[in-house]
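Reading the structure
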Amino acid sequence: QVQLVESGGGLVQAGGSLRLSCAASGRTLSTYTVGWFRQVPGKERESVAVIWWLGGSSVYADSVKGRFTISRDNAKNTVYLQMNSLKPEDTGDYYCAARYHGALKTAIAEFEHWGRGTQVTVSS
């Protein structure tokens, strides 16, 4: 069983940057497809970015393309989400999730393991 812990959230002004980390324990994260999701109160959780376990291909929500980058550091058993040019609409709780040998898909149901989230607030 893999355990996921997110960190790196906080308060930032519009136009600023944050890097979120998803640190894994219990299993080798390089064998998992990992996704970042965000949720705003009253709205459904949505996919932000997903990185495939095999080869490192990734997919992004249209709203974050060109601004966010998902990456992994296998030596640190960690997946990152670099968020640049942040906008107030990026505000939310950000969660990482993983599926062992998962396909490169963005649906929430595809992911078995979830962290507890980290909060991101972007002020205008």
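Residues numbered from 1 in each chain as written. Predicted model: local features only at pLDDT ≥ 70, side-chain atom pairs only at ≥ 80, totals over all residues. Heavy atoms only, no water.

**Here we look at the sheet that holds strand β3 (residues 18-25)**
Across a sheet, paired strands are connected by hydrogen bonds in the backbone, their directions being either parallel or antiparallel. Spatial ordering of the open sheet is given by β1-β3-β8-β7, a layout of 4 strands whose pairing is antiparallel. Two strands bound the open sheet, and with one partner strand each, they are β1 (3-7) and β7 (68-73). Between one strand axis and the next, the sheet turns through 15 degrees on average, direction left out of account. Note: β3 against strand β8 (residues 78-83), 6 bridges, orientation antiparallel. Residue pairing for β8: Ala23 is matched across the bridge by Thr78. (Pairing = 2+ DSSP bridges. Helix = DSSP H or I, 4+ residues; strand = E, 2+ residues; numbered from the N terminus. Axes fitted to C-alpha atoms, helices over the stretch in contact; angles between N-to-C directions.)

**Description of the pattern of salt bridges**
Applying the stated criterion to the full structure yields 5 salt bridges. Among the ionic pairs, Glu46 bridges to Arg38, the shortest N-O distance being 2.7 Å. Between Arg67 and Asp90 there is a salt bridge, with the nearest N and O atoms lying 2.7 Å from each other. Of the two residues, Arg67 is situated in the loop between β6 (58-60) and β7 and Asp90 in the loop between β8 and β9 (92-100); the sequence distance between them amounts to 23 residues. Note on accessibility: Arg67 and Asp90 belong to one class, buried. What emerges from the salt-bridge pattern is a single network uniting Arg38, Glu46, Arg67 and Asp90. (Salt bridge = Lys/Arg side-chain N within 4 Å of Asp/Glu carboxyl O. Buried < 20%, exposed > 50% of the residue type's maximum accessible area, 1.4 Å probe, protein only.)

**Some remarks on the nonpolar core**
Core analysis: the largest hydrophobic core is formed by 26 residues, its most contacted members being Trp36, Leu81, Met83 and Tyr94. Those elements giving two or more residues to this core turn out to be β3, β4 (32-39), β5 (46-51), β7, β8, β9 and β11 (118-123). No other element matches the 4 residues that β3 contributes to this core. (Core = buried A, V, L, I, M, F, W, Y, C linked by side-chain atoms within 4.5 Å.)

**Topic: the packing of aromatic side chains**
Going through the model one piece at a time under the given rule, you end up with 4 aromatic pairs. Centre to centre, the rings of Tyr32 and Tyr100 are 5.5 Å apart; their planes meet at 70 degrees, and the pair counts as edge-to-face. Here Tyr32, found in strand β4, pairs with Tyr100, found in strand β9; they are 68 residues apart in sequence, far enough to count as distant. Note on Tyr32: relative accessible area 5%, which makes it buried. Residue classification places Tyr100 among the partly exposed positions, given a relative accessible area of 46%. (Phe/Tyr/Trp six-rings, centres within 6.5 Å; stacked < 30°, edge-to-face > 60°.)

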